[in-house]
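# Breakdown of the fold
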Amino acid sequence: MRVSVKHPMLNTYSAKICCADLYSSKLARLILGDSLHPGGLRATNRLGRAMGLQPGWRVLDLACGLGTSATALSRVFRCHVTGLDLGAEAAQTSRQRAFGDPIPADVAFVRGDAEMPPFRSGTFDAVVIECATSLFADKPAAIAEVRRLLRTGGVIGLSDVTVEPGTLPPELDSTVGMMLCLTDALPAGGYPQLLASGGFEILDRADLSDEVLSLLADLRNRMAIWNGLGPTGSPGGDDWPDFPPDLLDRVEASVTRGDIGYWLYVARNLA
Ligand SMILES: C[S@@+](CC[C@H](N)C(=O)[O-])C[C@H]1O[C@@H](n2cnc3c(N)ncnc32)[C@H](O)[C@@H]1O
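## A short note on the sheet that holds strand E2 (residues 80–85)
- Read across the open sheet, the seven strands follow the order E3-E2-E1-E4-E5-E7-E6; overall the sheet is mixed. Looking at which strands have only one partner, the edges of the open sheet turn out to be strand E3 (107–111) and strand E6 (200–207). Pairs of neighbouring strands in the sheet enclose a mean axial angle of 20°, with direction left out of account.
- Where strand E1 (residues 58–62) and strand E4 (residues 124–130) come together, three bridges link them in parallel fashion. When the sheet's bridge partners are listed, valine 59 is paired in E4 with alanine 126.
- Relative to strand E5 (residues 150–163), helix H6 (residues 139–149) is tilted by about 150°, and along the sheet it contacts E1, E4, E5, E6 and strand E7 (260–269).

Listed below in structure tokens is the structure:
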């Protein structure tokens with residue numbers, strides 16, 4: 001099973017930075033909105049409940065994107081949340097807070113690499129990773145770091161896109177595929193294997209693939225509106241890719257067949 005293969009689009013530090021900046025682009029905001037994963041905060045809250053997050057817990061949101069989940073987790077579960085991301089947006093969100101934005105005081109943002117997170121061992125009670133493990137160039141290294149950062153018995157909540165081997169349409173091995181976290185995603189069975197071989201005990205898993213269908217339906221609606229704007233209404237500016245006309249149909253068919261999905265996993269640090 002493909003677990004440690006480094007995808008050529010992600011295998012250098014500069015490629016990682018470029019990938020990270022992709023998620024703060026206008027294109028990403030248009031496709032995904034503020035919550036950069038299928039299911040948005042509905043899926044985030046479900047993950048938090050499945051993890052049993054408790055008030056006062058120290059939670060790391062690894063690869064936190066725009067900080068939307070980190071802020072929501074702090075509000076809903078009353079945890080102290082640190083968001084870490086390689087992209088410049090996380091640092092910027094942090095600066096905005098410093099200038100008096102009323103984001104909860106229990107949320108902090110740090111810029112850094114998930115494969116080398118700048119925290120002491122045992123700092124956190126829980127680590128959340130939404131729609132990002134699929135992007136890590138060295139997935140076992142990132143999971144080993146999560147284990148180092150968690151106290152004994154601490155929990156990891158991971159949700160991500162899944163792709164069954166050999167089923168990704170070739171045109172999705174591209175920027176758009178990366179935006180949708182498809183290019184280096186593991187099969188549904190790959191994430192539990194990754195966690196188990198990293199020293200975690202699997203506590204729960206759930207199939208949230210319907211959320212990908214909802215995301216596609218939303219995207220279709222937005223594209224219909226943009227198309228109605230005519231040639232000057234280009235939604236993403238110069239970086240808007242040429243979608244093959246049937247691309248969304250093909251992704252939807254892949255989800256319906258079970259080739260592409262979105263799964264949630266919760267596991268406990270056994271160390
Ligand atoms: C699809 S977005 C998900 C963001 C956020 N977890 C959410 O669900 O809203 C993936 C995020 O992973 C970040 N990322 C990718 N590789 C990373 C790495 N090696 N270290 C830290 N962040 C990384 C990107 O910058 C991007 O913000």
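## Considering the site of the ligand
- Taken together, the neighbourhood of the ligand is formed by 20 residues, with Leu36, His37, Ala63, Asp85 and Ala114 sitting nearest.
- Interatomic distance of 2.6 Å between a side-chain N/O atom of aspartate 85 and an oxygen atom of the ligand.
- Within the backbone of glutamate 130, one N or O atom sits 2.9 Å away from a nitrogen atom of the ligand.
- Coverage of the ligand by the protein amounts to 99% of the 590 Å² it exposes when considered alone.

## Remarks on H6
- Those residues of H6 that fall on the buried side of the exposure criterion are Lys139, Ala142, Ile143, Glu145, Val146 and Leu149. For H6, the arc enclosing every buried residue in end-on projection is 155°, short of the 170-degree limit, so these residues lie on one face.
- Its buried side turned inward, H6 meets E1, E4, E5, helix H8 (190–197) and E6.

## As for the environment of cysteine 79
- With respect to the helices and strands, cysteine 79 occurs in the loop between helix H4 (68–77) and E2.
- Each C-alpha atom, one on cysteine 79 and one on leucine 53, is 7.6 Å from the other, the two residues being 26 residues apart in sequence.
- Residues in contact with cysteine 79, not counting those within four places in the same chain, are Leu53, Gln54, Gly56, Trp57, Val59, Leu73, Ser74 and Asp106.

## Some points on the confidence of the model for the chain
- Of all residues in the chain, 76% attain a pLDDT of 70 or more, and the chain-wide mean is 84.
- Across residues 1–9, confidence stays below pLDDT 50; counting only partners more than four residues off in sequence or on other chains, it has 28 contacts.

## Section: the side chain of threonine 133
- In this structure, threonine 133 sits in the loop between E4 and H6.
- Residue class for threonine 133 comes out buried when judged on its relative accessible area of 0%.
- In this structure threonine 133 touches Lys139, Leu158, Asp160, Tyr191 and Leu194, once residues within four positions along its chain are discounted.

## Quick notes on the pairing of E4
- Burial within E4 is extensive, with seven of its seven residues counted as buried.
- Sheet topology places E4 next to E5; six bridges connect them, and they run parallel. Across the sheet, residue alanine 126 finds its bridge partner in E5, namely valine 155.
- With H6 bridging E4 and its parallel neighbour E5, the resulting β-α-β unit is right-handed.

## Quick word on the packing of helix H3 (residues 40–51) against H4
- Between H3 and H4, the least distance of the axes is 10 Å, while the angle of their chain directions is 50°. One finds that H3 runs oblique with respect to H4. Crossing handedness for the pair H3 and H4: right-handed. For the pair H3 and H4, the contacting residues are Leu41, Thr44, Asn45, Gly48 and Arg49 in the first and Thr68, Ser69, Ala72, Leu73, Val76 and Phe77 in the second.
- A class-by-class count of the residues in the contact of H3 with H4 yields five nonpolar, five polar and one charged.

## Examining the packing of aromatic side chains
- Under the counting rule described, the total for this entry stands at three aromatic pairs.
- Centroid distance phenylalanine 119 to phenylalanine 124: 5.3 Å. Interplanar angle 90°. Geometry classified as edge-to-face.
- The interplanar angle of 20° and the centroid separation of 6.3 Å between the aromatic rings of tryptophan 263 and tyrosine 265 together place this pair among those described as stacked.
- Ring pairs connect the aromatic residues Tyr191, Trp263 and Tyr265, which therefore count as one cluster.
- Above the plane of the ring of tryptophan 57 lies arginine 151, whose end atom (NZ or CZ) is 5.4 Å from the centre.

## Some thoughts on empty space enclosed by the protein
- Tallied over the full model, the rule gives three cavities of 30 Å³ or more.
- Here the second largest cavity defines a volume of roughly 130 Å³.
- Looking at the lining of the second largest cavity element by element, the count peaks at three residues for helix H9 (residues 210–228).
- Looking at the lining of the second largest cavity residue by residue, the classes come out as 14 nonpolar, one polar and no charged.

Analysis parameters
Residues numbered from 1 in each chain as written. Predicted model: local features only at pLDDT ≥ 70, side-chain atom pairs only at ≥ 80, totals over all residues. Heavy atoms only, no water. Pairing = 2+ DSSP bridges. Helix = DSSP H or I, 4+ residues; strand = E, 2+ residues; numbered from the N terminus. Axes fitted to C-alpha atoms, helices over the stretch in contact; angles between N-to-C directions. Contact = heavy atoms within 4.5 Å. Near = heavy atom within 4 Å. Polar contact = N/O pair within 3.5 Å; in protein donor to acceptor, adjacent residues only side chain to side chain. Areas by Shrake-Rupley, 256 points an atom, 1.4 Å probe, with all protein chains shown as cover. Buried < 20%, exposed > 50% of the residue type's maximum accessible area, 1.4 Å probe, protein only. Arc of directions from axis to C-beta. pLDDT = per-residue confidence, 0-100. Right-handed = clockwise from strand over helix to strand, strands pointing away. Parallel < 35°, antiparallel > 145°, perpendicular 65-115°, else oblique. Left-handed = near helix turned anticlockwise from the far one by under 90°. Nonpolar A, V, L, I, M, F, W, Y, C, P; charged D, E, K, R; others polar. Phe/Tyr/Trp six-rings, centres within 6.5 Å; stacked < 30°, edge-to-face > 60°. Lys NZ or Arg CZ within 6 Å of the ring centre and 35° of its normal. 1 Å grid on protein atoms, 1.4 Å probe; cavity = no way out; pocket = protein on both sides within 12 Å on 5 of 7 lines; lining within 4 Å. Points joined across faces, edges and corners; volume = space filled by probe spheres on them.

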